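So the chains spell out like this:
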Amino acid sequence: MSFTESTDSTSEKPVSILWGCELSRQKDSYTFQMPEGWHCEQQLALRTICLGESVPDEFHVVEMAAEEGDAQTRVLLATLKPSVLPMTTLVGVELTPPITFRLRAGTGPVYITGQHITMLSSDEEEESEEEEEESPQKPPKGQNSRNTGGAAKKRRLEKEDER
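Within each chain, residue numbers correspond to sequence positions counted from 1 in written order. It should be noted that, the model being predicted, local features are given only for residues of pLDDT at least 70 and side-chain atom pairs only at 80 or more, the latter also being counted only at that level, while totals for whole chains, interfaces and linings use all residues. Side-chain calculation: all heavy atoms of the structure are included, whereas hydrogens and water are not.

All right, on to the overall build of the protein chain then. In terms of regular secondary structure, the protein chain is built from two helices and nine strands. Helix and strand definitions follow DSSP, with helices as H or I runs of at least four residues and strands as E runs of at least two, each counted in order from the N terminus. Each helix and strand of the protein chain, ordered N terminal to C terminal, gives the series β-β-β-β-β-β-β-β-β-α-α. Working definition: with a 1.4 Å probe on protein chains only, accessible area under 20% of the residue-type maximum means buried, over 50% means exposed, and in between means partly exposed. Counting every position in the protein chain, which comprises 163 residues, the buried fraction comes to 29%. Pairs at least 24 apart in sequence give 81% of the contacts found in the protein chain among residues at least 6 apart. A total of about 11,500 Å² of accessible surface is found on the protein chain, and carbon and sulfur atoms cover 48% of it. A contact between two residues is defined here by any heavy atoms of the two lying within 4.5 Å. Note on areas: Shrake-Rupley, 1.4 Å probe, and residue coverage restricted to the protein chains presented here.

As structure tokens, then:
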């Protein structure tokens, strides 16, 4: 089930973080993994794959490999060429880590962007709210007296107008 289809919104809340990586001749692969210590459901929603502005006019092929147990599934994501198709938009590509992206052909740079989506449970939300409550911010000096004084003056003027 994808995050967009989640039915239990009271116990979990999706949090989205922008994500991106660069593939090039020097670094032709990147593995997106769950950060250690994060024990919540996570997905990577891919959005775009685009070429850098200084790439040679050749084909750049990007593939991904998803690991499920002992099996590894490889899928071709995009074949880009600056003079024909320098960028592609991906819709509905939601992946569960770990995922490895690889520049199979071309020199790059090729940029992959998306959203790292994490489901925070209501317990984690309550903990972060408690931390915020422990250190409340003070209002700027004199702000409260001005607001109440202005409101009292307005009420006084309204009463005088009624007489």
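Once the structure has been displayed, the description carries forward.
Counted as salt bridges are all cases of a side-chain nitrogen of Lys or Arg within 4 Å of a carboxyl oxygen of Asp or Glu. What the rule picks out here adds up to three salt bridges. As a salt-bridge pair, E63 and R104 come within 3.2 Å of each other at their nearest N and O atoms. Placement of E63 in strand β4 (residues 60-68) and of R104 in strand β8 (residues 99-105) is noted, with a sequence separation of 41 residues between them. When its relative accessible area of 5% is taken as the criterion, E63 is described as buried. The network of salt bridges with shared partners includes E63, R74, R102 and R104.

The next thing to look at is the nonpolar core. Counting 22 residues, the largest nonpolar core has W19, L46, I49, V62, F101 and I112 as the members making the most contacts within it. Sort the elements by how many residues they give to this core and strand β3 (residues 42-51) lands first, with four residues. Setting aside chain neighbours within four positions, we find F101 in contact with W19, L23, D28, S29, Y30, L44, L46, E63, M64, L77, L95 and I112. Take the buried Ala, Val, Leu, Ile, Met, Phe, Trp, Tyr and Cys residues and link them wherever side-chain atoms come within 4.5 Å; each set so joined is a nonpolar core.

You can see G52 is positioned in the loop between β3 and β4. According to the relative accessible area criterion, G52 is buried, its value standing at 11%. A C-alpha to C-alpha distance of 8.8 Å links G52 and P82, two positions 30 residues apart in sequence. When residues no more than four places from it in sequence are discounted, the contact partners of G52 are P109 and Y111.

A few words on unusual backbone geometry. Across residues other than glycine, the phi torsion is negative in most instances, and most of the peptide bonds are trans. Cis rather than trans, the peptide bond between P97 and P98 has omega equal to 5°. Its place among the elements puts P98 in the loop between β7 (94-95) and β8. Between G108 and P109 the backbone carries a cis peptide bond, its omega angle lying at 5°. With respect to the helices, strands and loops of the structure, P109 is situated in the loop between β8 and β9 (110-121).

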